Amino acid sequence: MRFGKIVEGLKSKIKASLRMRKRSSLSSSSSSSSSSSSSYEKIEKSDSMRFELRSRKAHKIIQQTLRIADSPTSRTYAF
């Protein structure tokens, strides 16, 4: 139920963003510079961001392995 509200909220925000983008593209070139600043630009991942992602994945795998190793029912890890 709560997830549905979140999805609907995101949809409405995206639709509003697209409407604003269409309006700004129809207006004169002076306002097009402001629309480019408000539009989404993909950010390149830096080395520190990549390192953080790798360390989070490694931490998650270690936690899963320790959970299985500490489990009283399972003695082996099935790959």
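Here the residue numbers are simple positions, counted from 1 along each chain's written sequence. Where totals are concerned, whole chains, interfaces and linings use all residues; where local detail is concerned, this predicted model gives features only for residues with pLDDT of at least 70, and gives and counts side-chain atom pairs only at 80 or more. The side-chain quantities take in all heavy atoms of the structure and omit both hydrogens and water.

## Comments concerning the overall build of the protein
1) Next: The helix and strand labels rest on DSSP assignments: H or I over at least four residues marks a helix, E over at least two residues marks a strand, and numbering proceeds from the N terminus. Secondary structure summary: the protein contains 3 helices and 0 strands in total.
2) Next: Ordered by position in the sequence, the α and β elements of the protein form the string α-α-α.
3) Next: The cut-offs for exposure are 20% and 50% of the maximum accessible area for each residue type, with area from a 1.4 Å probe on protein chains only; residues under the lower value are buried, those over the upper are exposed, and the others partly exposed. Counting over 79 residues, the protein shows a buried share of 3%.

## Considering the pattern of salt bridges
1) Next: Every case where a carboxyl oxygen of Asp or Glu lies within 4 Å of a side-chain nitrogen of Lys or Arg is listed as a salt bridge. This model, assessed by the stated rule, comprises 3 salt bridges.
2) Next: Across the pair K11 and E8 runs a salt bridge whose closest N-O atoms are separated by 3.9 Å. You can see K11 and its partner E8 sitting in helix α1 (residues 2-26), 3 residues apart, about one turn around the helix.
3) Next: A residue is classified by how much of its surface remains accessible, and E8, at 48% relative accessible area, is partly exposed.
4) Next: Among the ionic pairs, R56 bridges to E52, the shortest N-O distance being 3.1 Å. Residue R56 and its partner E52 are both found in helix α3 (residues 47-70); the two are separated by 4 residues, about one turn of the helix.
5) Next: Residue classification places E52 among the partly exposed residues on the basis of a relative accessible area of 36%.

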